[in-house]
Amino acid sequence: MQKALVIDPVKCTGCKQCELACSYVKEGEFNPAKSRIRVFDFHQDARFVPYTCTQCAEAWCQRACPVDAITTNEWGVKEVHDGLCVGCKVCIIACPFGTVNYNASTGKVIKCDECGGDPACVKACPTDAIIYMDVEQAGFGKMRQWAAKTDTAAQATQ
Amino acid sequence: MGWTGQVLRVNLTKGTCTPEALNKDWAGQYLGQRGLGSKYLVEETDPKVDPLSPDNKMIFATGPLTGTCASTGGRYSVITKGPLTGAIACSNSGGYWGAELKFAGWDMIILEGKADKPVYLCIIDGKAELLDASEIWGKSVWDMDAWIKSRHQDPMMHVSGIGIAGENGVLYSCIINDLHRAAGRSGVGAVMGSKNLKAIAVRGTGGVKVDDFPAFLAATSAAKEVLAGNAVTGEGLPAFGTQVLMNVINEAGALPTRNTREVQFEGAHDISAEAMAKPSGKDGKPNLLANQACFSCTIACGRISKINEEHYTVRNKPEYWHASGGLEYEAAWALGAATGVSDLDALTYANFICNEQGIDPISFGATLGAAMEMYEDGALTDKDTGGLKLNFGSAEALTQATELTGKAEGFGKELGMGSKKLCDKYGKPELSMTVKGQEFPAYDPRGIQGMGLTYATSNRGACHLRSYTVSSEILGIPEKTDPLVTDGKAGLVKAFQDATAAVDSAGLCIFTTFAWTLEDIAPQIDGALAGEWSVDRLLEIGERVWNLERQYNLQAGFTAKDDTLPKRLLKDAAKTGPAKGLVAGLDKMLPEYYAVRGWTEDGVPTNETLSRLAL
């Protein structure tokens, strides 16, 4: 079963626990600047939006890589192999969403790999704004919200 | 670990930025942030220094947990001598700035001297430099924040600085970071302005390490569970913010109203959390749009609000139609109950202006309340106020006065002196609701007796955040005490003061203590830092910090005579509510407090106490 990180910005409070958890797991320290997931603050609209790689089925980063350093694992997750990555950054240019980034201290690119199936950001989020679930069910929560707005009883009495 | 080990010393007179090593011995004795910053201030400055002179220093200090995943671990404090009080000032702020300073590789910034022209300090990781601020001097905090991010082409920067009020020496001006988080009290913004320093902009891309990651993660995870499971930190604060208190304190008969003439406000419900959540705008949206967390905080009590676009304050000002920091309880009380105004949108607008220009809404609202009483008594005339009709309950008076004070124009200049100097000037010193020159906040000591002793003995002038006995007396945390009696309050206040001083020195938010005790906090600090960090060690540090601050104030010229309350609280009984007929029983608590502190009858720490605390 492929899983996906499903993000609900309405629940996000901007605490950045996800960035702290991600950077600890990946870098061994608390360092939001190196986090694979980032929370953006749209202050004037009262919105916080966590954002990270969605693991495209046809991944442009992977297509662009000249040394085949990005591979797809059995869960559909795109992984960067540090031993192969030459830091050319073509994948950063190719990614339409900006979720592949460069780590100047290692000379490699970094991106979300869903922590091998147990994402640290999900466990750290205090409001369940980030959940990890069956990718084929990913839209059903939102679908259900819209379904609830369909007032068939009101139509029946018209 | 927990520390970067680097302190940035900035001499504004010489224009130099010099790194130096953090004094680890002092960090062992004073922990960090409030305690450690105060130790540096005490060692480096004369307590008799003029707060607004170049000889005063100001210290921006983080705690050992700032920048970690400990819940609320993102805080910093500004420590200096306060111009509103003449006492030691330590103002604590959240948002993201403190953590960003750590990520840039700095534990603390020490600012000394005075720049010869307006500058801002720009810190990008290890590189710190003073840059020309002539284009932002005279601009609001919000415009300054946008200008700096644009100038450096970096929207991820975090900026802490002053608005027009701080530039113009409003004595209760704040330092604001992240647009609406404030190092709010005692006029620390005026000190920054006196140094010609507009802002400190920070961008950090480094990491923070702790001493023992597995132990630290176990302790912080367990502590987060405690916060999530607690009714106040897990439910009340996220849903209602600190405004959850408005109706509660009003019903307790402890909501100081119209310059503390009364203890209950008939308009309390209209300015409460419940009112903020009610649909009001033409778009059907409520005042409150969302709650916001500060860095690393799993409580998220911050309010993000919007003013109704039809409201008179903003009808022709689309620049105020966006969301920003909304009313917290203290601001809603000061701008509302203290002035008798119950127009929620007017309060929200005044709060926006306080954030935009960097003024402390507590001191401002309380000062305006005093001015309103003088105006209604005839001590202030239209000629004095420049035509402002300062009647209690007038929303127009509130919003106009806020605009004038934020820009230090007209009668706003007089309001900017604070209530003590204002009431002295117009011959009504008894109408100033202050202790050591600082306006007291949203709890009437007649209805919550412990808060009377809290205000009287607070080292930074009247303040609720130095020993929040409301927790015990109203909310029953950690155990319920009777708010109407004075028995046992001396020991209660001391216990809260010492524990709070430890929390304020850690990098954590005091709101965690609705759920946490030091038993929850000590393991987190122990995981972060080398050495053994027990509850007893933290309590000893808290008591050491308290006495260090006390010693500074005594050397600055304060005496036991300043440990008092306004006559109104001591002589005029509450007229309504549960405390009807009661005055603040300070005389019954103060001698006992001095005794439990190990101080003389004159409020001076004895030699035994000082040597026990290694002071």
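Asks: What am I meant to see in the packing of helix α7 (residues 213–229) of chain B against helix α8 (residues 231–240) of chain B here?
Replies: All names here are of chain B. Packing of α7 against α8 brings their axes to within 4 Å, and their N-to-C directions diverge by 55°. In terms of axis orientation, α7 runs oblique to α8. Between α7 and α8, the residues in contact are Val226, Leu227, Ala228 and Gly229 and Ala231, Thr233 and Gly234, respectively. Residue classes in the contact of α7 with α8 are distributed as four nonpolar, three polar and no charged.

Asks: What am I meant to see in the interface of chain B and chain A here?
Replies: Frequently, the measure chosen for interface size is the accessible area removed from exposure when the parts meet. On the chain A side, the residues contacting the 36 residues of chain B number 22 residues. Between chain B and chain A the total buried area reaches about 2,200 Å² when both faces are included, carbon and sulfur atoms providing 63% of it. Considering only the side of chain B, the residues that lose the most area to chain A are Tyr96(B), Met156(B) and Phe213(B), jointly responsible for 19% of the buried surface there. Remark: the boundary between chain B and chain A carries one salt bridge. With a closest N to O distance of 3.0 Å, Lys209(B) and Glu29(A) form a salt bridge. Where chain B packs against chain A, one counts 13 residue pairs in polar contact (both at pLDDT 80 or more). Contributing elements (two or more residues each) for the side of chain B that touches chain A: α7 and β13 (288–292) of chain B.

Asks: Before we go on, may I ask you to explain the domain arrangement of chain B in this structure?
Replies: All names here are of chain B. The assigned domain composition of chain B is domain 1 (6–203), domain 2 (257–432) and domain 3 (439–612). Computed over C-alpha atoms only, the centres of domain 1 and domain 2 are separated by 26 Å. Taken together, the contacts link 35 residues of domain 1 with 35 residues of domain 2. Of the roughly 2,600 Å² buried at the junction of domain 1 and domain 2 (both faces included), carbon and sulfur atoms supply 59%. Area buried by domain 1 at its contact with domain 2 is led by Trp142, Tyr172 and His180, which between them contribute 31% of it. At the junction of domain 1 with domain 2, the criterion picks out two salt bridges. Here domain 1 and domain 2 share 17 residue pairs in polar contact (both at pLDDT 80 or more) between them.

Conventions used here
- Residues numbered from 1 in each chain as written.
- Chains lettered and ligands numbered in written order.
- Predicted model: local features only at pLDDT ≥ 70, side-chain atom pairs only at ≥ 80, totals over all residues.
- Heavy atoms only, no water.
- Axes fitted to C-alpha atoms, helices over the stretch in contact; angles between N-to-C directions.
- Helix = DSSP H or I, 4+ residues; strand = E, 2+ residues; numbered from the N terminus.
- Parallel < 35°, antiparallel > 145°, perpendicular 65-115°, else oblique.
- Contact = heavy atoms within 4.5 Å.
- Nonpolar A, V, L, I, M, F, W, Y, C, P; charged D, E, K, R; others polar.
- Buried area = accessible area lost by both parts, 1.4 Å probe.
- Salt bridge = Lys/Arg side-chain N within 4 Å of Asp/Glu carboxyl O.
- Polar contact = N/O pair within 3.5 Å; in protein donor to acceptor, adjacent residues only side chain to side chain.
- Domains from an automatic or database assignment.

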